[in-house]
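Geometric and topological summary
Residue strings, one per chain:
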Number of protein chains: 2
Amino acid sequence: MHDILTRTGVLAKSTEVAFENRETLRDLGLYTVNLMSAPGAGKTTLLEQTIAALRDELRIGVIEGDMHTRLDADRIERYGVPVVQVNTGGSCHLDAHQVHEALHHLPLTELDLLFIENVGNLVCPAEFDLGEHDRVMLLSVTEGHDKPRKYPVMFHTAQALLLTKLDLLPHVDFDAEAAEREAQGLNIDLTVLRLSCRSGEGMAGWYDWLRRRRARVAALAAARRS
Amino acid sequence: MHDILTRTGVLAKSTEVAFENRETLRDLGLYTVNLMSAPGAGKTTLLEQTIAALRDELRIGVIEGDMHTRLDADRIERYGVPVVQVNTGGSCHLDAHQVHEALHHLPLTELDLLFIENVGNLVCPAEFDLGEHDRVMLLSVTEGHDKPRKYPVMFHTAQALLLTKLDLLPHVDFDAEAAEREAQGLNIDLTVLRLSCRSGEGMAGWYDWLRRRRARVAALAAARRS
């Protein structure tokens, strides 16, 4: 054994718990998305619109990560879906232990789709596997197209990148093609979707992507059980 | 900042070097595969056959990882392709620093496809990003279909799983469907290919997969340059 893993007992243990979470979610066929972005990129607004659009076809639950408040959980609760608030107590990311605990407080067998809204941060959340199926990161067009170069780990480990606040594109200096090219240079399989929660542009594509990924997880779980 | 990353300075630095490697390979459009498996699953034999099959259409280079010997590099050298041996000095995995150094010893601008053969080990190599485009892991049918449960991180982080030594399937108790199901339960995007270097079964599918992935990387690099 090498000495790095021995020294980082905390990280190793977190990896093990992430895989326990992954097994639980896999056996349930409960498709789980870890939503990550910088503060203010629009994670909670995206969640509100997505729940409103899909709640008649999919049973949705939410784990809300925040350092100290429950403001986001209060927003989500109005949509009548189960939500658990995790306060990280100053830590700038969710970890697998916190998600493990939160799973115990959700009606897992009655859910089809679980969102985990991570703490707003482009760095540390990317380093922590929570056991999710997909990582979806948001980059708003107001943040600048240099972000893939500055925060490569998150772009490298995400399955989908949502370029949000597309309605503001005429008013900012953001090269969406460059952002997409840089991001896919770090991750050749990255799906990039452009959307605006305000105008509704691109939202149908996001819902279709979620439906397809959710169906894949449900089909794999059904094949395991048969 | 949280305290885990502060404590694991070694790991953090390795991540940074991995992204330097990734940028280098991306800018060159040099498609790079990190080959990982337990000892004896057939990585070097797969490499020999792949080089023989593709060397007329793709310019191939190899980084060989081994704890102490250069036996594998000697085998590869016979095929007339550039190869660099990295001896890890007892460490059970390659790291990004070693790959960085090895890249300096290869004619990178004259290559289309770079293989990194990792140290034979199902655990630690999975924890170390080298900057590769794809992780390909081999699981021979003689090893047993319980491996995805026992070594989940490697299955979770690979893009493709090769079930090797398929010619031995009639002689062993290996449930290929179960192995595939377990592996995809950890990684819903995992491509699973079944093949035998001895009989040649499935090899064409592996070559096609490599061609497609390589073409994707080359196309992204061309788009960046234009």
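Our subject is the structure listed above.
Residues numbered from 1 in each chain as written. Chains lettered and ligands numbered in written order. Predicted model: local features only at pLDDT ≥ 70, side-chain atom pairs only at ≥ 80, totals over all residues. Heavy atoms only, no water.

Points about the side chain of A:Asp134
This is how the line gets drawn: The way it works is that DSSP assigns letters per residue, a run of H or I at least four long becomes a helix, a run of E at least two long becomes a strand, and they are numbered from the N terminus. Between N or O atoms, a polar contact is any pair within 3.5 Å; within protein, one atom must be a potential hydrogen donor and the other a potential acceptor, and residues adjacent in sequence are included only when both atoms are from side chains. It only takes one pair of heavy atoms within 4.5 Å for two residues to be counted as in contact.
Looking at where A:Asp134 falls in the secondary structure, it is placed in strand β5 (residues 134-140). A distance of 2.6 Å separates polar atoms of two side chains, one belonging to A:Asp134 and the other to A:Tyr31. If we skip the residues at most four places from it in the chain, A:Asp134 touches A:Tyr31, A:Thr32, A:Val33, A:Asn34, A:Gln159, A:Trp209, A:Arg213 and B:Ile188.

A short note on the sheet that holds strand β4 (residues 113-117) of chain B
All names here are of chain B. This is how it is decided: Only strands that DSSP links by at least two bridges are regarded as paired with each other. Lines are fitted to the C-alpha atoms to define the axes, a helix being fitted only along its stretch in contact, and any angle between axes, read from their N-to-C directions, falls within 0 to 180 degrees.
Taken together, the 7 strands give an open sheet; going across it, the order is β3-β2-β4-β1-β5-β6-β7, and neighbouring strands pair in parallel fashion. Edge positions in the sheet fall to β3 (83-87) and β7 (191-194), since each of these pairs with one other strand and no more. Across the sheet, the mean angle separating the axes of adjacent strands is 20° when strand polarity is ignored. Pairing geometry for strand β6 (residues 160-164) and β7, over 4 bridges, is parallel. Within β7, the residue paired with Ala160 across the bridge is Thr191.

With respect to the pattern of salt bridges
Rules: What counts as a salt bridge is simple: a side-chain nitrogen of Lys or Arg found within 4 Å of a carboxyl oxygen of Asp or Glu. Classification of residues uses two cut-offs on accessible area relative to the type maximum, computed with a 1.4 Å probe and protein chains only: under 20% is buried, over 50% is exposed, and between them is partly exposed.
For the structure on display, the rule yields 38 salt bridges over all chains. Between A:Arg26 and A:Asp27 there is a salt bridge, with its nearest N and O atoms 3.2 Å apart. Judged by its relative accessible area of 39%, A:Asp27 is partly exposed. A salt bridge links B:Glu182 to A:Arg224; the shortest N-O distance between them is 3.1 Å. Separated into two different chains, B:Glu182 in helix α8 (residues 176-186) and A:Arg224 in helix α9 (residues 203-225) make up a pair that spans both. A residue is classified by how much of its surface remains accessible, and B:Glu182, at 12% relative accessible area, is buried.

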